[in-house]
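In case you want the letters, here they are:
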Amino acid sequence: MENPLRGLPAPPPLGSAALPPGTFTGQVALVTGGGTGLGKAIATEFARLGADLVIAGRRIEQLKAAQEELGAVPGAGRVTAAVCDIRDPERVSEVFDAAEAAFGRPPDVLVNNAAANFPCPAEDLSPNAWRAVVDITLTGTWFVTREFGRRHLAAGSAGSIVNIGASYAWTGGPGFAHSAAAKAGVKNLVETLAVEWGPYGIQINGLVPGLFPHADMTTDIRGGLERAAPDAKDARQPALRVGAPRELGWAATFLASPYARFITGHTLVVDGANWQRRALVNPEVVPVREQLGRGPFTP
């Protein structure tokens, strides 16, 4: 008998566009963390649809390589790179100034992708470790969002924000208390600012990625996948496959596009229903310390 389990179909090929060509022609999109990984995948789809791009990050070498790559995308507008630690509000303001100088207008679209994370039992988190993740993921996101909002409010112009979130903002994230708390704050900003800024023409939505393997994955995530059986990363997904980074880019461009203007305050999860997966019988509980190979806690 033929196996009835096929999973969700594969996406269209790389280079396909989910929106009409030129959807973002004449608009500027700012993507934080846009030099690598999923941030670059998102920036690629904005480029494909004609946007002028500002990619921001902390490492100039990665930004320059991404700038060249994105500039070569068919249909791309102009691309500029800005070194920025989003924890520094003055530097954030300078990035917006540079964008206006380069393109003659403030960014029309902001994608808050930059974040920090690493697995750690909650009791082992140092004050500095907590601050490092929360200051980048939540406070840094707020600084960039605030600058975007203030500039559009002052100019009386419309804008669109997409915050990259995480499903443990709803469920909690054992082993990631710092990141889960920060991402819960990021999600709440979506819901709060949608109401505050909607009357002024500024929409804001969240976008939660599932498992999207890519060349820039952290050592922790890559190691977790490699420890599993070769096909386990697919078999553990209800879709029976992982995501292609371009699928996240298509979702981001839709949320920021003219075709989603009445969608605001919403968080879209793009993970093949993985975060909603439940077993009929729960597996045995393995404490986070054991999962991470840590010994007994010692103060």
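You'll find the structure just up there.
These numbers come from a predicted model, not from an experiment. (Residues numbered from 1 in each chain as written. Predicted model: local features only at pLDDT ≥ 70, side-chain atom pairs only at ≥ 80, totals over all residues. Heavy atoms only, no water.)

K.L.:
Just to check I follow, could you spell out the overall build of the chain for this structure?
P.N.:
What the chain contains, in helices and strands, is 10 helices and 7 strands. Relative to the 2.2 N^0.38 estimate, which gives 19 Å for 299 residues, the radius of gyration of the chain is 20 Å and therefore close to what a compact globule would have. For the C-alpha atoms alone, the extent of the chain along its principal axes is close to 55 × 55 × 40 Å. Sorting the 299 residues of the chain into buried and exposed places 45% on the buried side. Sequence separation of at least 24 residues holds for 77% of the intrachain contacts in the chain that already meet a minimum separation of 6. With the model as given, the accessible surface of the chain reaches about 15,100 Å², and the carbon-plus-sulfur share is 56%. Charge centroids of the chain, computed over 27 positive and 28 negative side chains, lie 2 Å from each other. (Helix = DSSP H or I, 4+ residues; strand = E, 2+ residues; numbered from the N terminus. Rg over C-alpha atoms; globule rule 2.2 N^0.38 Å. Buried < 20%, exposed > 50% of the residue type's maximum accessible area, 1.4 Å probe, protein only. Contact = heavy atoms within 4.5 Å. Areas by Shrake-Rupley, 256 points an atom, 1.4 Å probe, with all protein chains shown as cover. Lys, Arg positive; Asp, Glu negative; His and termini not counted. Charge placed at Lys NZ, Arg CZ, Asp CG, Glu CD.)

K.L.:
How do you make sense of the nonpolar core when you look at a structure like this?
P.N.:
The tendency in soluble globular proteins is for nonpolar side chains to be buried as a group. Membership of the largest hydrophobic core comes to 30 residues, with the highest contact counts inside it found for F24, F46, L53, V111 and L207. Of all the secondary structure elements, the ones that give two or more residues to this core are β1 (28–32), α1 (37–48), β2 (52–57), α2 (60–71), β4 (109–112), β5 (159–164) and α9 (245–256). Discounting chain neighbours no more than four positions away, the residues touching F46 are F24, A29, A51, L53, V109, V111, A252, T253 and A256. Listed in part, the 27 residues of the second largest apolar core include A82, C84, I86 and W197. (Core = buried A, V, L, I, M, F, W, Y, C linked by side-chain atoms within 4.5 Å.)

K.L.:
Would you take a moment to explain the packing of α1 against α2 for this structure?
P.N.:
For any two helices packed against each other, one specifies the inter-axial angle together with the distance between the axes. Running from N to C, α1 and α2 point in directions that differ by 30°, and their axes come no closer than 10 Å. With respect to their mutual orientation, α1 and α2 come out roughly parallel. For the pair α1 and α2, the crossing hand works out as right-handed. Across the interface between the two elements, K40, A43, T44 and A47 from α1 touch A66, E69 and L70 from α2. In the contact of α1 with α2, the residues fall into 4 nonpolar, 1 polar and 2 charged. (Axes fitted to C-alpha atoms, helices over the stretch in contact; angles between N-to-C directions. Parallel < 35°, antiparallel > 145°, perpendicular 65-115°, else oblique. Left-handed = near helix turned anticlockwise from the far one by under 90°. Nonpolar A, V, L, I, M, F, W, Y, C, P; charged D, E, K, R; others polar.)

K.L.:
For this particular structure, what's the right way to read helix α3 (residues 89–103)?
P.N.:
Helical periodicity: at 3.6 residues per turn, an α-helix aligns residues three or four positions apart in one direction. Over its 15 residues, α3 runs 21 Å from end to end, which matches the ideal 21 Å to within 8%, given 1.5 Å per residue. Residues V92, S93, V95, F96, A99 and F103 constitute the buried set of α3. Projected onto a plane normal to the axis of α3, the buried residues spread over an arc of 155° and lie on a single side. In α3, the exposed positions angled more than 90 degrees off the buried face are occupied by E90 and A101. On its buried face, α3 sits against β1, β2, β3 (79–83) and α4 (127–155). Of the residues flanking the start of α3, the one acting as N-cap is D88, its side-chain oxygen 3.0 Å from the backbone nitrogen of E90. (Expected span 1.5 Å × (residues − 1). Arc of directions from axis to C-beta. Polar contact = N/O pair within 3.5 Å; in protein donor to acceptor, adjacent residues only side chain to side chain.)

K.L.:
Sorry if this is basic, but what is going on with α4 here?
P.N.:
Here α4 spans 40 Å end to end across 29 residues, near enough to the 42 Å set by a 1.5 Å rise per residue. By the largest-angle criterion, D135 marks the main kink of α4, which is about 40°. After α4 finishes, the residue G156 shows a positive phi value of roughly 70°. (Bend = angle between axes of the 7 residues up to and from the residue.)

K.L.:
So what exactly am I meant to see when it comes to unusual backbone geometry here?
P.N.:
Most peptide bonds adopt trans geometry, and most residues besides glycine take a negative phi value. One non-glycine residue with positive phi stands out, namely L240, at about 60°. With respect to the element layout, L240 can be found in the loop between α8 (232–235) and α9. Positive phi, close to 70°, is recorded for A273, a residue that is not glycine. Structurally, A273 can be placed in the loop between β7 (267–270) and α10 (288–291). Judged by relative accessible area, which is 35%, A273 ranks as partly exposed.

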